[in-house]
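# Close look at the chain arrangement
Single-letter residue listing:
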Amino acid sequence: MKKITHKAESRGFANHGWLQANHSFSFASWNNPERVHFGALRVLNDDIIAPKMGFGTHPHENMEIITIPLKGVLKHRDNMNNDWIPVVPGEVQVMSAGTGVQHSEINGSSDEHLSLFQIWIIPQKRNVQPRYDQKMFNAEERKGKLQTLVTSFEDEHENSLKIHQDVKISRIDLSEGTTFDYVIENENQGVYVLNIFGKAEIEGETLDTRDAIGISETESFNIRSKSDCELLLIEVPMLKL
């Protein structure tokens, strides 16, 4: 088993006034040669956006982008005829940038901060037709069990959102004192686990809120909750960039 632990305070941080951004991997002005990616996982940003503020129209191409709102309301607009669609906590948004897409994202509230995760996955197919989708996931369905949010188009999982990469993005909420064994799909995959909230122990490593661990070269690993906790698990091919 190979493990790499990233404590919350080791992440890159940018304070733009309207945006408080934590970067698990090199992004924008934060460049850490040892923290560029974890396999096909290229970006994991933990953002807080001030009311009525956000990202103006900007381009993306050849990237799979997943957004998970935690608090507040996100408004999304793009050049695929999606005009200020709301995305709220419980929902997950996916966008295949492919040959190129222009989009804007803002905090849709005039008085509440927006908190979200944005994930970028390196695709296995380039120059695909851009695509957008979103879906609501019931939090009750991840209590003590894995709730799969995003998988590949080739995966037979029926209730997940789809992207152009062999991934499994999941969440699980564990009560204090419980355990869960995560089984990795195949030997070429690794899992990046972010502890959203609480305290958990994974293979001897204690994770507090927003700590993370990357695990690869194993068939499975054990999660033990030290308090009530919420975990985000991103399983990806261990690409060499």
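Here, the structure is the one placed above.
This report concerns the structure included in the present document. (Residues numbered from 1 in each chain as written. Predicted model: local features only at pLDDT ≥ 70, side-chain atom pairs only at ≥ 80, totals over all residues. Heavy atoms only, no water.)

### Here's the deal with the overall build of the protein chain
Scanning the protein chain from N- to C-terminus turns up 0 helices and 22 strands. What you see for the protein chain is a C-alpha radius of gyration of 17 Å, in line with the 18 Å of a compact globule of 241 residues. Overall size of the protein chain, expressed as C-alpha extent along the three principal axes, is 45 × 40 × 40 Å. The 241 residues of the protein chain split such that 52% are buried. Long-range contacts, defined as pairs at least 24 residues apart, comprise 71% of the intrachain contacts of the protein chain with a sequence gap of at least 6. When the accessible surface of the protein chain is summed, it comes to about 11100 Å², and 45% of that surface belongs to carbon and sulfur atoms. (Helix = DSSP H or I, 4+ residues; strand = E, 2+ residues; numbered from the N terminus. Rg over C-alpha atoms; globule rule 2.2 N^0.38 Å. Buried < 20%, exposed > 50% of the residue type's maximum accessible area, 1.4 Å probe, protein only. Contact = heavy atoms within 4.5 Å. Areas by Shrake-Rupley, 256 points an atom, 1.4 Å probe, with all protein chains shown as cover.)

### Overview of the pattern of salt bridges
The final tally for this structure, using the stated rule, is 12 salt bridges. Ionic pairing is found between Glu140 and Lys143, a salt bridge with its closest N-O pair at 3.1 Å. (Salt bridge = Lys/Arg side-chain N within 4 Å of Asp/Glu carboxyl O.)

### A word on unusual backbone geometry
Positive phi, normally seen in glycine, also occurs at Ala28, with a value near 55 degrees. When you line up the elements, Ala28 lands in the loop between strand E3 (19-23) and strand E4 (41-49). Under the relative-accessibility criterion, Ala28 is labelled exposed at 72%. One non-glycine residue, Lys52, adopts positive backbone phi at about 65 degrees. Along the polypeptide, Lys52 turns up in the loop between E4 and strand E5 (54-60).

### Regarding the layout of surface pockets
Considered as a void within the structure, the largest pocket measures approximately 370 Å³ in volume. In this structure, the largest pocket is lined by 19 residues; those nearest its centre are Lys2, Phe38, Gly39, Met238 and Lys240. Among the elements of the structure, strand E1 (2-6) and strand E20 (212-216) are those that each provide at least two residues to the lining of the largest pocket. When residues of the lining of the largest pocket are assigned to their parent elements, the largest contribution, 4 residues, is made by E1. Classifying every residue of the lining of the largest pocket by side-chain character gives 6 nonpolar, 6 polar and 7 charged. Its boundaries defined by the atoms lining it, the second largest pocket holds a volume of some 220 Å³. As for the second largest pocket, its lining consists of 16 residues, of which Phe27, Asn45, Asp47, Phe55 and Gln118 are closest to the centre. For the lining of the second largest pocket, the elements supplying multiple residues, two or more each, are E3, E4, E5, strand E10 (101-107) and strand E11 (114-121). (1 Å grid on protein atoms, 1.4 Å probe; cavity = no way out; pocket = protein on both sides within 12 Å on 5 of 7 lines; lining within 4 Å. Points joined across faces, edges and corners; volume = space filled by probe spheres on them. Nonpolar A, V, L, I, M, F, W, Y, C, P; charged D, E, K, R; others polar.)

### Let's talk about the nonpolar core
Most often, soluble globular proteins have nonpolar side chains that are buried together. Leu41, Ile66, Ile119, Ile121, Val150, Leu232 and Ile234 are the most contacted members of the largest nonpolar core, which totals 26 residues. Those residues within four positions of Ile119 in sequence are excluded, and the remaining contacts are Leu41, Val43, Leu44, Glu64, Ile65, Ile66, Ile68, Leu232 and Ile234. Listed in part, the 17 residues of the second largest apolar core include Phe180, Tyr182, Ile184 and Phe221. (Core = buried A, V, L, I, M, F, W, Y, C linked by side-chain atoms within 4.5 Å.)

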